[in-house]
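Topology and contacts: notes
One letter stands for each residue in the lines below.
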Amino acid sequence: MVAPEARGQGLGKALLAQAVAQCRAHFPQAAVMLSAQTDAQALYESFGFCVVSAAYDDGGIPHVDMRREAGV
């Protein structure tokens, strides 16, 4: 999560790009799974993640599970 005062500067995208790169480097044959707030779903989709669950409540915030296949 990016602090509210730092939002809108592309930091979340940079962090996600680095996380995806590290997953590829260390686990090239593995899919990556995450739980995403539904408001951020499009961000994750732009990195190759696909929704793999129905929406569910996590602490009062709607989430979906997402998966990015190896090699994407």
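Residues numbered from 1 in each chain as written. Predicted model: local features only at pLDDT ≥ 70, side-chain atom pairs only at ≥ 80, totals over all residues. Heavy atoms only, no water.

**Focus: the packing of aromatic side chains**
Under the counting rule described, the total for this entry stands at 1 aromatic pair. Each ring, one from Tyr-44 and one from Phe-49, has its centre 6.1 Å from the other, and the planes form 85°; the classification is edge-to-face. For the pair formed by Tyr-44 and Phe-49, the shared burial category is buried. (Phe/Tyr/Trp six-rings, centres within 6.5 Å; stacked < 30°, edge-to-face > 60°. Buried < 20%, exposed > 50% of the residue type's maximum accessible area, 1.4 Å probe, protein only.)

**With respect to the pattern of salt bridges**
Taken as a whole and assessed by the stated rule, the structure comprises 1 salt bridge. Between Arg-67 and Glu-69 there is a salt bridge, with the nearest N and O atoms lying 2.6 Å from each other. Taking the relative accessible area as the measure of exposure, Arg-67 reaches 32% and is therefore partly exposed. Judged by its relative accessible area of 41%, Glu-69 falls in the partly exposed class. (Salt bridge = Lys/Arg side-chain N within 4 Å of Asp/Glu carboxyl O.)

**Observations regarding the state of the cysteines**
A full pass over the atoms with the stated rule returns 0 disulfides. Cysteine Cys-50 remains unbridged, with the sulfur of Cys-23 as its closest cysteine sulfur at 16 Å. Cys-50 sits in the partly exposed class, given a relative accessible area of 46%. (Disulfide = S-S within 2.5 Å.)

**A closer look at the environment of Thr-38**
Inspection of the secondary structure puts Thr-38 in the loop between β1 (32–37) and α2 (41–45). Spatially, the C-alpha atoms of Thr-38 and Ile-61 are 8.3 Å apart, while their sequence positions differ by 23 residues. In contact with Thr-38, other than residues within four places in its own chain, are Ala-55, Pro-62, His-63 and Val-64. (Helix = DSSP H or I, 4+ residues; strand = E, 2+ residues; numbered from the N terminus. Contact = heavy atoms within 4.5 Å.)

**Structural notes on the pairing of strand β4 (residues 61–68)**
Residues in a regular strand project their side chains so that they alternate between the two faces of the sheet. In this sheet, β4 lies alongside β1 in antiparallel orientation, the contact comprising 6 bridges. By the bridge assignment, Met-33 is partnered in β4 with Arg-67. Relative to β4, strand β2 (residues 50–51) runs antiparallel, the two being bridged by 2 bridges. The residue bridging Cys-50 from the neighbouring strand is Arg-67, located in β4. Note that strand β3 (residues 56–58) and β4 share 3 bridges and pair antiparallel. Each bridged residue has a counterpart across the sheet, and for Asp-57 the counterpart in β4 is Pro-62. (Pairing = 2+ DSSP bridges.)

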